Structures are given as structure tokens and as C-alpha cells.
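For reference, the chains in residue letters:
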Amino acid sequence: MKEQIYTIPVNEIYDKTCLCPLCELEERIEKESVEYALGAAMMEPDFRVESNERGYCKKHYAKMFEKPNKLSLALVLDTHLIELRKKLDAHKKSVSALTKAKSGLFKKSGAFDISNSLYDFSDKLSHDCMVCKKVDFTMERYIDVILYMYFTKPEFKEKFDNSNGFCMEHFKDVCKMIPKCLSDSQAREFIPMLFDKQLKKLDTLQEDIHNFTLKFDYRNKDMPWGNAKDAPIRTIEALAGKITKSE
Ligand SMILES: [Zn+2]
Ligand SMILES: [Zn+2]
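Residues numbered from 1 in each chain as written. Chains lettered and ligands numbered in written order. Predicted model: local features only at pLDDT ≥ 70, side-chain atom pairs only at ≥ 80, totals over all residues. Heavy atoms only, no water.

A. Inspection of the nonpolar core at higher detail. Counting residues in hydrophobic clusters, the biggest one holds 45 residues, and the most contacted among them are Val 10, Leu 22, Tyr 56, Phe 160, Phe 166, Val 174 and Phe 190. Contributing elements (two or more residues each) for this core: helix H1 (4–14), helix H2 (21–38), helix H5 (70–97), helix H7 (130–152), helix H8 (154–162), helix H9 (168–181) and helix H10 (184–214). Take this core: its biggest share by element is eleven residues, from H7. Excluding residues within four positions of it along the chain, Tyr 56 makes contact with Ala 37, Phe 47, Ser 51, Tyr 61, Met 64, Val 76, Asp 128, Cys 129, Met 130 and Val 131. (Core = buried A, V, L, I, M, F, W, Y, C linked by side-chain atoms within 4.5 Å. Buried < 20%, exposed > 50% of the residue type's maximum accessible area, 1.4 Å probe, protein only. Helix = DSSP H or I, 4+ residues; strand = E, 2+ residues; numbered from the N terminus. Contact = heavy atoms within 4.5 Å.)

What follows is the structure, given as C-alpha cells:
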């Protein structure tokens, strides 16, 4: 039996109609993880050690900055900077040696190797994020649960059959998980069904976004908007995932 901490939110989301259930779940877990990082985690030594070590990505620093608790944020930043500077210290010797290094036609100073290793270090830093880690882990569990319940819980299968697939970003994530979660015969049943849902979703959006463009022609000024009015944002979110806030 799959853990209820994952099955309950999945079932709840599938009771509502939305553009992409995984976007809704992701938004929720992201919000909880940011709140945790600035709240209860302050008292968790293991989390603090890892947070000091890894830090956060730009998107999640921005979300942390939106929160009123600036002291927690400053404590997180202060201790992360200590760790970051320790790691940069490890490069200090080789960087300062460059000013004395000799190079010539056949002899390289090693400066490019150092810039490459500084690039690798900084690149890892900008992709290492405690919130992303938690979100990625939880989203994999949610997808696992969706695929599991589709084949074991008829009441969930019915909800899924009435849903309209995922945004293209989460469609990608679901496709990635299919080989890990389903048998070959289950995948043969699931993939065509999901593919069909995605196509239908895009067909509807295409119609709406096309009608939106037609409304800009003065000859169509009396044409009713229908579902076209919010077609640009719905199309963007169906392609790239949810960007509007539900709060
Ligand atoms: Zn999505
Ligand atoms: Zn992040």
C-alpha cells in the first residue's frame, strides 16, 4: 500500500478540475517547503547542516524573500555564506598562484583549468537547492501514486479518466516515471490513453488561442469571446506549467 501522505493529496486534487493536477500539487509542496525552511527547520540541526551546505536556487530565494520573516532568512543566508566561503577558500591558493604563473608559447598557466573548475563549482551551487530537492522527491512520489492508483483503485481511475492530462512539463515527468512504475502491459494501456488526453487538451487550447487572435481583427469585433479571453495564460500554463498563484 502506498503511503497515505501521498495518496490523500493526490485524491483531493483529482476531485477538483484544474489545468494540471501536478502543477497544483507542486505549488502546494513548494509553498510548504519554503515555509518549513524558514520556520520549523530552524530547530532541525540536520536540515540546517544541509541547508548551509547546499543553499537555494534563485526561484526559491525569491519565494523566501516574499515571506515576512526576514530574521529567519538572514540566519539561513548568514550560515550558508560561511559554508560557501569555506569552499571558495579551497580555490584561493590556486587562484592567487595565477598572478605569479609564467606562460609562453608552449606553456599554459593553467588559468583556463581554474576558470573551468570555478565554473563547475558555481554551476553546482546555482542548481543545488533544498526546496527543489524536496519538491523533486515529493513529485516523484505523487506520480508513482497516480500510476499505482490508476491500475489498482477503480474510483481513482474514474477520476483520472475524467481529468484532462497534464501540462507539457509534467507530461514529461510522468513519461520519465512510466518505465520505473508500470509493467510493459500497463504502459501499453496507459501511454495511448494519456497521449490522447494531451492531444485533446492542446486541440482545445489551439482553438481558443486562435479565436483570441481573430478578435484583434476589426471585422470580428462582434464575435463572442467564448473561452478565448484567458487563452494566452492557459496556453502558457499548459505548455510550461502553472505561473499564476492560487492564493
Ligand atoms: Zn503541470
Ligand atoms: Zn529551488
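Past the structure itself, the notes keep going.
B. Summary view of the coordination of the zinc ion (ligand 2). Every protein donor of the zinc ion (ligand 2) is listed here as Cys 57 (SG), His 60 (ND1), Cys 129 (SG) and Cys 132 (SG), and their distances to the metal cover 2.0 to 2.3 Å. Around the zinc ion (ligand 2) sit four donor atoms, and with donor-metal-donor angles ranging over 101 to 114° the site reads as tetrahedral. In primary sequence terms, the donor set of the zinc ion (ligand 2) follows C-x2-H-x68-C-x2-C. (Donors = N, O, S within 2.8 Å, 3.2 Å for Na, K, Ca; no water. Tetrahedral: all angles 85-135°; square planar, octahedral: opposite > 155°, others 65-115°.)

C. Seen up close, the coordination of the zinc ion (ligand 1). The protein atoms donating to the zinc ion (ligand 1) are Cys 20 (SG), Cys 23 (SG), Cys 167 (SG) and His 170 (ND1), with metal-donor distances spanning 2.0 to 2.3 Å. In this structure, the zinc ion (ligand 1) is surrounded by four donor atoms whose angles at the metal cover 102 to 116°, and the resulting shape is tetrahedral. Residue class for Cys 23 comes out buried when judged on its relative accessible area of 7%. With a relative accessible area of 5%, His 170 lands in the buried category.

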